Amino acid sequence: MRKRLSLLLVPLLAAATVVSVGAPAAASPAKPFPARIALPNGFTPEGLTIGRGTTVYVGSVLDGAVWRGDLRTGRGSVLIPGTPGTAKAGMKLDRQGRLWTADFSGGGASVYDPGTGARLAHYQFTTDPNTLVNDLVITKRAIWFTDSARPVLYVVPLGPGGRLPASDAFRVLPLTGPGATPDAFNNGIVALPDGDLLVAQMLTGQLVRVDPRTGGSRLFDLGGYSVDRADGLVLRGRTLHVIRNLTNVVAVVRLNAGYTAGVVQREITGPQLRSPATGDLLGSALYVVNGRFDVESTPSTDYDIVRLPA
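This write-up is about the structure you can find in this document. From a predicted model like this one, the values you see are computed outputs, not experimental measurements. All chains use their own residue numbering, which begins from 1 and follows the written sequence. Local features in this predicted model are restricted to residues of pLDDT 70 or higher, and side-chain atom pairs are both shown and tallied only at a pLDDT of 80 or more, whereas totals for entire chains, interfaces and linings draw on every residue. To get the side-chain values, all heavy atoms of the structure are used, and hydrogens and water are removed first.

1. Considerations on the overall build of the protein
By the criteria applied, helices consist of DSSP H or I runs no shorter than four residues and strands consist of E runs no shorter than two, each listed in order from the N terminus. In terms of regular secondary structure, the protein is built from one helix and 24 strands. The C-alpha atoms of the protein give a radius of gyration of 25 Å, which is well past the 19 Å a tight globule of 310 residues would have. In terms of principal-axis extent, the alpha carbons of the protein reach across some 100 × 45 × 45 Å. Each residue is assigned to one of three classes by its accessible area relative to the maximum for its type, calculated with a 1.4 Å probe on protein chains only: buried under 20%, partly exposed between the two thresholds, exposed over 50%. Out of the 310 residues belonging to the protein, those deemed buried represent 48%. In this analysis, two residues are considered to be in contact whenever any of their non-hydrogen atoms come within 4.5 Å of each other. Taking all contacts inside the protein whose residues are at least 6 apart in sequence as the whole, residues at least 24 apart take part in 45%. Accessible areas in this description were obtained via Shrake-Rupley with a 1.4 Å probe; residue shielding takes into account the shown protein chains only. Surface accessibility of the protein: about 14,500 Å² in total, with carbon and sulfur atoms responsible for 56%. Charge assignment: positive for Lys and Arg, negative for Asp and Glu; neither His nor the chain ends contribute. Lysine's charge is taken at NZ, arginine's at CZ, aspartate's at CG and glutamate's at CD. Where the 31 positive side-chain charges of the protein centre and where its 23 negative ones centre are 15 Å apart. Using C-alpha atoms as the atom set, the radius of gyration is obtained and then compared with a globule rule of 2.2 Å times the number of residues to the power 0.38.

2. Notes on the sheet that holds strand E11 (residues 142-147)
Spatial ordering of the open sheet is given by E10-E11-E12-E13, a layout of four strands whose pairing is antiparallel. Looking along the sheet, the strands with just one partner apiece sit at the ends: strand E10 (133-138) and strand E13 (171-174). Each adjacent strand pair in this sheet contributes to an overall mean axis angle of 25°, direction not counted. Between any two strands, at least two bridges found by DSSP are needed for them to pair. Where strand E12 (residues 152-157) meets E13, four bridges bridge the pair, whose relative direction is antiparallel. Paired with Val 155 across the two strands is Arg 171, which belongs to E13. Only the contacting stretch of a helix is used when fitting its axis, a line to C-alpha atoms as for every element, and angles between N-to-C directions run 0 to 180 degrees.

3. Quick word on the pairing of strand E19 (residues 239-244)
Most of E19 is tucked away: six of the six residues are buried. Bridge count for strand E18 (residues 230-236) against E19 is six bridges, and the pairing is antiparallel. In the strand pairing of E19, Arg 236 is matched with Thr 239. Joining the antiparallel neighbours E18 and E19 is a turn of two residues, in which Gly 237 adopts a positive phi near 60°. Where E19 folds back on strand E20 (residues 249-255), the antiparallel hairpin that results is connected by four residues, among which Asn 248 adopts a positive phi of roughly 55°.

4. Thoughts on the side chain of Thr 278
Topologically, Thr 278 is positioned in strand E22 (residues 276-282). Exposure remark for Thr 278: the relative accessible area of 7% places this residue in the buried category. Those residues in contact with Thr 278 that sit more than four places away from it in its chain are Glu 46, Gly 47, Leu 48, Gly 232, Ile 243, Tyr 287, Val 288 and Val 289.

5. Quick notes on unusual backbone geometry
Look at Arg 229: it is not a glycine, yet its phi comes out positive at around 70°. You can see Arg 229 is positioned in the loop between strand E17 (217-219) and E18.

6. A word on the pattern of salt bridges
Salt bridges are defined by distance alone: a side-chain nitrogen of Lys or Arg within 4 Å of a carboxyl oxygen of Asp or Glu. Going through the model one piece at a time under the given rule, you end up with eleven salt bridges. Arg 244 is the partner of Glu 267 in a salt bridge, and the nearest nitrogen-oxygen pair spans 3.8 Å. One end of the pair, Glu 267, is in strand E21 (residues 262-269); the other, Arg 244, is in strand E19, with 23 residues separating them in the sequence. On the accessibility criterion, Glu 267 (43% relative accessible area) is partly exposed. Taking relative accessible area as the criterion, Arg 244 reaches 9% and is therefore assigned buried. Among the charged side chains, a salt-bridge network with shared partners connects Arg 36, Arg 274, Arg 292, Asp 302 and Asp 304.

7. Focus: the sheet that holds strand E2 (residues 45-50)
The four strands are arranged E2-E3-E4-E5 in an open sheet whose pairing can be described as antiparallel. Strand pairing shows two members of the sheet lacking a second neighbour, E2 and strand E5 (76-80), which therefore form its edges. Recorded for the sheet is a direction-independent mean angle of 25° between the axes of neighbouring strands. Where strand E4 (residues 66-70) and E5 come together, four bridges link them in antiparallel fashion. Paired with Val 66 across the strands is Ile 80, a residue of E5.

8. As for the pairing of strand E9 (residues 119-124)
The sheet contact formed by strand E8 (residues 108-112) and E9 spans five bridges and is antiparallel. The residue bridging Ser 110 from the neighbouring strand is His 122, located in E9. Between E8 and E9, which follow one another and run antiparallel, lie six residues, and Gly 117 among them has a positive phi close to 85°.

By themselves, these figures tell us nothing about what the structure is for.
This is the structure we're talking about:
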């Protein structure tokens, strides 16, 4: 009987072994992206943009350093070392993969190779010390920069195929209408699908539409909602995220079909927001960088990027 059972079990066990080997292994659950990514202490960040894949870039408004990291792993390092007097605010990557930065109190803009950190071009818009080149938006034919201290936009036109123009091939576009309100502190900027530009006024709590041909502007209707302390703007389709720094709020606005008005659908807030400066989207997540403008920056002050549901 034992011999007969043995003869029956051997082929059954062999068959079970074959099935086990041939079956696909159970997929391990994907590791979630970190909800918080630490930046170097004392970094004093302001600008953030997401590049190819899960690569993120953050600029320092203290010394112009640029940190490059990975949103999947949370790890990163300084790509461009800081130099006193070269503060960087807003930053974006163009269609050619080049990294553009608004050089804040330096009065200009710079372009970098995002892989090596080498500077490819520089545009000196003004030598006026009372200037703050703060944010930028990249369109198919030009790059547009706001100045928080002057009622103008700086425009760098791109050549055929996105070629970089000569260092002096920029123009200054004076603003008229509400976009030229004194001490409004024009800050974040995005391009609307109809061709106009949308600019955040941090101190008036308003958004203004700007005609890129004439510089004329008009108020964007938010139904009485104030975007006081509006800093960065992030637009995807008809959903606009208004990142309001010292209020620790991200307002999610649904734009109308004509891009002339919007309704605030909800506000994102919480202890993870510590004077957020700006942000960018990756999939269903909004990543914002905490500028911590309510504290004095020291070499030991901690800074971070946080992930929010978009």
